[in-house]
Structures are given as structure tokens and as C-alpha cells.
Amino acid sequence: MNLREILTKAIREHWSTGHFNASESDQMRAIVEAAKEVGTVAMIGTSEGEAKHLGYEVAIGIRDGLRKEFEIPVFLNADHHKSVEAAKIAIDAGYDSIHIDLSALPFEENAKGTKEIVEYARKVTSDTEQGTIINVEGELGYLRGDSKIQKEKIEIKPEDYTDPDQAADFVAKTGINRLAIAVGNIHGVSLDEPALDIDRIKQIRAKVPESVALVLHAASGIPDDKIKAAIAAGIANIHINTDIRVAYTEALRKELSEKPDETTPYKLDEAARSAMKKVIKTKLILFGSHLY
């Protein structure tokens, strides 16, 4: 099954796929190991910064190796690529999925650039011998914050939220497979996490064709009951980054503190990878991904 078929299944059966970011090969392995143990697919994201750190071609090579070793579907997504040029680099490298995030631009510019990536991805697909299907995600609405622990409250403005009618227009104009929406979610984990607008998710879902998956970014820190409500309302793909970054770095700091004489990197990484994997498995079960 390709990613589009899996997302369609999630939409119809009311569960969600999980998307987790990685910037190191051991983190990619932790994501796939967790998915394998839960019994679902693995979706790994690399932002522009993470992809540049890993190397686009290197990330592709690791993905291919993990597919062969674990024998489950492993999809690599170019997360939050904020220019047409950057998204094209990921497509040319062989990514399975592209998140072209032009949400900071005016609506028409966002739609135009997103459509260009959809058309480019389709052309590359038709030019490949394998006929690989590249899944494209656009974003409408504005997500504030960064993927870290937020020490100050982040105020969400009314204009930040995704408008249901605009969402329908955006999908029609671009031809995207997935739509990332802003419904009270923020990047990072806040001490005063905003409440998700579940009714707005329902309204967007009613306006957008069933073939287009709704994506909830920045889900770290959102209470479990709100996550379940968002899935019931129509979310089919959920992004987690800060929660696993925190788990990884806290475990690594502990290892470095307790084992000051250890100099073997993979031994120090083991506890951090295990902590990250534990969070991922918990999230995948919460999302209902094991129903896959």
C-alpha cells in the first residue's frame, strides 16, 4: 500500500497515522522499531534543517535500509519545507512525501506555490520507471511556536485559524493529498496549551473531499482526550516532534551524567533511543495506528 491508500483507510476507519521527526539515523531506527512493534506503518519527517544535517540522499539510503530490515512500509516526508525550491530538492532526492509549507504567504501565493509542487511531483512520478506516488501536503492557517518547551504563553490570533471555506478552495486549486490545518495547535509544548477547536476540524472535514487527509501538526503537549476527539472529528495524520526530542535529550543528559568515562557514542545513545521509542509507541497506540 502507498501512503495515499493508508491515509484513506485511516480516514474511513477513524484512526490516525503517526508522523515523527528525526535528525539522526538512530532516531529513524527508533521510529521504525516502534512502528514494527505496534504493528503499523512508519512515517519519518525531516524538516529542512534536519534534512540538511542528515543529507537528503543519506536520509533516503537509511529509509531504504530500514524498509529492508524491518519489512514494513516506511515513508520519508520532507516536513515544513518553506520554499518551492527546497521542496523540489526533496522530490528529486526521492522522498515519498512532501510538506510544502507556504502558510506564511497570502492565500493566492500559497496556493500557487503549492500547486507548482503538486504538478512537479506528478511529473517526477510519471517519469520514474517504478511509478512511485509522491504524496503532497499543503498548509493553510498559521502555526505559531517552535519545537521546544515554550516558557511563555503563545497567543493564537483569530486569523491564524484555518477557514473551512478557504480550505475547500485551497484543496480545489492545488490538488494536494493532505492538508495541514491550524485549529488551536502550536509548535512545541506550552505550560498553557491552547484548546483544540474540535468543531472547526469537523467543519473543515465536511468541506474538504474525503480523499484529502487532514493533518494535525504540533500535537506534542495536547491532552490525550483532545487527540482522540480530533481523530474522531476527522484528523488522519498527527505530527509529534517536541515530545520525542525532550525524551531523547533528557535520557542522553542522564547517561552523560551517570557515565562520564563512557566514550562510545552508540552506547550513550542507547538509553536516549529507548526513551524516544517508548514515547512513540504510546502515541501510536493513542492514535489507533495499531488498527492498521
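Residues numbered from 1 in each chain as written. Predicted model: local features only at pLDDT ≥ 70, side-chain atom pairs only at ≥ 80, totals over all residues. Heavy atoms only, no water.

S.K.: Describe the pairing of strand 9 (residues 213-216), and please don't skip the residues or the numbers.
M.R.: What you see with strand 9 is no split at all: A213 and V215 on one side and L214 and L216 on the other are buried throughout. Direction of pairing for strand 7 (residues 178-181) relative to strand 9: parallel, over a ladder of three bridges. When the bridges of strand 9 are listed, R178 appears paired with A213. Of the strand pairs in this sheet, strand 9 and strand 10 (residues 235-240) are connected by three bridges, and their pairing is parallel. Across the sheet, V215 pairs through a bridge with N237, a residue of strand 10. Since strand 9 and strand 10 lie parallel, the crossover through helix 9 (residues 224-233) that links them has a hand, and here it is right-handed. (Buried < 20%, exposed > 50% of the residue type's maximum accessible area, 1.4 Å probe, protein only. Helix = DSSP H or I, 4+ residues; strand = E, 2+ residues; numbered from the N terminus. Pairing = 2+ DSSP bridges. Right-handed = clockwise from strand over helix to strand, strands pointing away.)

S.K.: Help me get a handle on the packing of aromatic side chains, residues and values and all.
M.R.: Considering all chains together, one arrives at three aromatic pairs under this definition. On the numbers, 6.4 Å between centres and 70° between planes, the contact of W15 with Y292 is edge-to-face. Note that W15 is positioned in the loop between helix 1 (3-13) and strand 1 (17-21) and Y292 in the segment after helix 11 (265-287), a separation of 277 residues in sequence. On the basis of relative accessible area, W15 is assigned to the buried category, the value being 0%. Since its relative accessible area comes to 30%, Y292 is described here as partly exposed. Sitting over the ring of Y120, K88 keeps its end group 5.0 Å from the ring centre. (Phe/Tyr/Trp six-rings, centres within 6.5 Å; stacked < 30°, edge-to-face > 60°. Lys NZ or Arg CZ within 6 Å of the ring centre and 35° of its normal.)

S.K.: Go over the nonpolar core with me, naming the residues and quoting the values.
M.R.: Core analysis: the largest hydrophobic core is formed by 73 residues, its most contacted members being Y95, I98, L179, I201, L216 and I227. In contact with I98, not counting residues within four places along its chain, are N77, A78, A87, A90, I91, I117, I134, N135, V136, E137 and R178. With 11 residues, the next largest nonpolar core counts A10, I11, F75 and A236 among its residues. (Core = buried A, V, L, I, M, F, W, Y, C linked by side-chain atoms within 4.5 Å. Contact = heavy atoms within 4.5 Å.)

S.K.: Please set out the pattern of salt bridges residue by residue, giving values where relevant.
M.R.: The final tally for this structure, using the stated rule, is 21 salt bridges. Its salt-bridge partner being E37, residue K281 comes within 2.8 Å of it at the nearest N-O pair. A residue pair is termed long-range when its members are at least 10 positions apart, and K281 in helix 11 and E37 in helix 2 (residues 25-38) qualify at 244 residues. Taking the relative accessible area as the measure of exposure, K281 reaches 27% and is therefore partly exposed. (Salt bridge = Lys/Arg side-chain N within 4 Å of Asp/Glu carboxyl O.)

S.K.: Before we move on, can you summarise the side chain of N177 with the specific residues and values?
M.R.: With respect to the helices and strands, the residue N177 is situated in the loop between helix 7 (164-174) and strand 7. One polar contact links N177 to R122, side chain to side chain, over a distance of 3.1 Å. Setting aside anything within four residues of it in sequence, one finds N177 in contact with R4, R122, I134, N135, V136, S211, V212 and A213. (Polar contact = N/O pair within 3.5 Å; in protein donor to acceptor, adjacent residues only side chain to side chain.)

S.K.: Please give an account of the environment of A230 that cites residues and values.
M.R.: Among the structural elements, A230 can be located in helix 9. For A230, a relative accessible area of 0% translates into the label buried. Note: C-alpha distance between A230 and R200 (30 residues apart in sequence) is 9.9 Å. Not counting the four nearest positions on each side in its chain, A230 is found in contact with L196, I198, I201, L216 and I235.

S.K.: A description of the side chain of E255 should follow, citing residues and the corresponding values.
M.R.: As for its placement among the helices and strands, E255 is situated in helix 10 (residues 242-258). Judged by its relative accessible area of 9%, E255 falls in the buried class. What E255 contacts, discounting residues up to four positions off in sequence, is K267, L268 and A271.

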